[in-house]
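Residue strings, one per chain:
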Amino acid sequence: MSDRLLGKRALVTGGAGGIGTAICRRFVEEGAEVISLDIASGKLVGWTEFQVDITDQAELQELFGKIQTKWNWLDVVVNAAGIEIEKTIEETTLAEWNRIFAINVTGTFLVSKLSLPLLRKSDKGNIINFGSYDGFIADPKLAAYCATKGAIHALTKAMACDHGPEGIRVNAICPGFVDTPMLESFVGENGSVQDLKKDIEKLHPTNTMGQPEDIASLVLWLASDEARYASGQLWVMDGGLTAQVQQMNL
Ligand SMILES: NC(=O)c1ccc[n+]([C@@H]2O[C@H](COP(=O)([O-])OP(=O)(O)OC[C@H]3O[C@@H](n4cnc5c(N)ncnc54)[C@H](O)[C@@H]3O)[C@@H](O)[C@H]2O)c1
């Protein structure tokens, strides 16, 4: 490790999840001070955690007051909290639709909005959102999830345009299949987790699925000063999954 984030302060939502934990761990290894926000409790290894529902504006406002008092500024915000619902629009209730938008889209909006005053105190503020390959192309029975990820892609570009002039970069990472509890909950309903993971690997030209650490490496680069010219972009990391046409699987 090379202290690429030495002296930086980072806030990560979904820090108790598969990808979020890998990001927190990598950031700490690279010298950052890390604050994790998650509704669940995580594996704390060297960072501060707050249990909070990112859809609750009042709860978040109170927490950001505390963060401001204790930490004063932020350099990096990673919006990694998210859920998925495996349904067509016909099967999705309005409550489920509103819930997934509240977490995946409104949560990103609220956390980013409340972070801006703290990011402006950094000379190199930077926000990293979580889109998905599902924001470009669709998986079956994932309609609301796909819609939330498309919204994150558009929001990322809008935020980059609005806040670039004040020195804040904004990007989104769009992973393919990553081996996390979210993926396990998806494959777990459809049979043996190990068999399905093998089938998923075969879908990739690289014959492998992503690990949370792969995604953390890209987040690290985007968060670092090496990426100073990177903003407003959707960074796909998917082992070539979305580069191929279906004929490859004939
Ligand atoms: N795993 C994949 O294959 C994959 C693929 C593409 C994109 N993504 C995206 O990557 C991000 C991280 O996914 P993951 O696979 O680590 O999922 P995960 O389920 O392991 O982690 C998600 C975390 O979000 C937290 N969370 C959920 N609702 C919350 C709320 N209301 N307030 C605060 N925290 C809340 C959960 O407690 C959990 O710790 C998500 O945005 C997901 O959509 C994942």
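Placed above this text is the structure.
The model shown is predicted, which means the values in this text are computed figures rather than measured ones.

### Points about the overall build of the protein chain
For the protein chain, the helix and strand inventory stands at seven helices and seven strands. When the helices and strands of the protein chain are placed in sequence order, the string is β-α-β-β-α-β-α-β-α-β-α-α-α-β. Against the compact-globule benchmark of 18 Å for 250 residues, the protein chain has a radius of gyration of 18 Å, which places it among compact chains. Residues counted as buried form 41% of the 250 residues belonging to the protein chain. Partitioning the contacts of the protein chain with sequence separation of at least 6, the portion at a separation of at least 24 is 70%.

### Description of the sheet that holds strand E1 (residues 9-13)
As summarised here, the arrangement of the seven strands in space is E3-E2-E1-E4-E5-E6-E7, forming an open sheet in which the pairing is parallel. Looking at the sheet topology across the chains shown, the edges are occupied by strand E3 (48-51) and strand E7 (234-237). Strand-to-strand twist of the sheet, defined as the mean angle between neighbouring strand axes without regard to direction, takes the value 20 degrees. Bridge analysis of strand E2 (residues 33-38) against E3 gives four bridges, and the strand direction is parallel. Each bridged residue has a counterpart across the sheet, and for Ser36 the counterpart in E3 is Glu49.

### Points about the site of the ligand
Around the ligand, 27 residues are found, and the nearest of them are Gly17, Ile19, Gly82, Thr180 and Met182. For the shell around the ligand, the secondary structure elements donating two or more residues are helix H1 (18-29) and helix H5 (181-188).

### Quick word on unusual backbone geometry
The backbone phi angle of Asp3 is positive, close to 55 degrees, even though this residue is not glycine. Relative to the assigned elements, Asp3 resides in the segment before E1. For Asn72, which is not a glycine, the phi torsion comes out positive at approximately 70 degrees. The residue Asn72 is located in the loop between helix H2 (57-71) and strand E4 (76-79) in this model. Asn72 gets classed as exposed once you count the C-beta atoms within 10 Å, which come to 10.

Calculation criteria
- Residues numbered from 1 in each chain as written.
- Predicted model: local features only at pLDDT ≥ 70, side-chain atom pairs only at ≥ 80, totals over all residues.
- Helix = DSSP H or I, 4+ residues; strand = E, 2+ residues; numbered from the N terminus.
- Rg over C-alpha atoms; globule rule 2.2 N^0.38 Å.
- Buried ≥ 20, exposed ≤ 12 C-beta atoms within 10 Å, placed from the backbone.
- Contact = placed C-beta atoms within 7 Å.
- Pairing = 2+ DSSP bridges.
- Axes fitted to C-alpha atoms, helices over the stretch in contact; angles between N-to-C directions.
- Near = placed C-beta within 6 Å.

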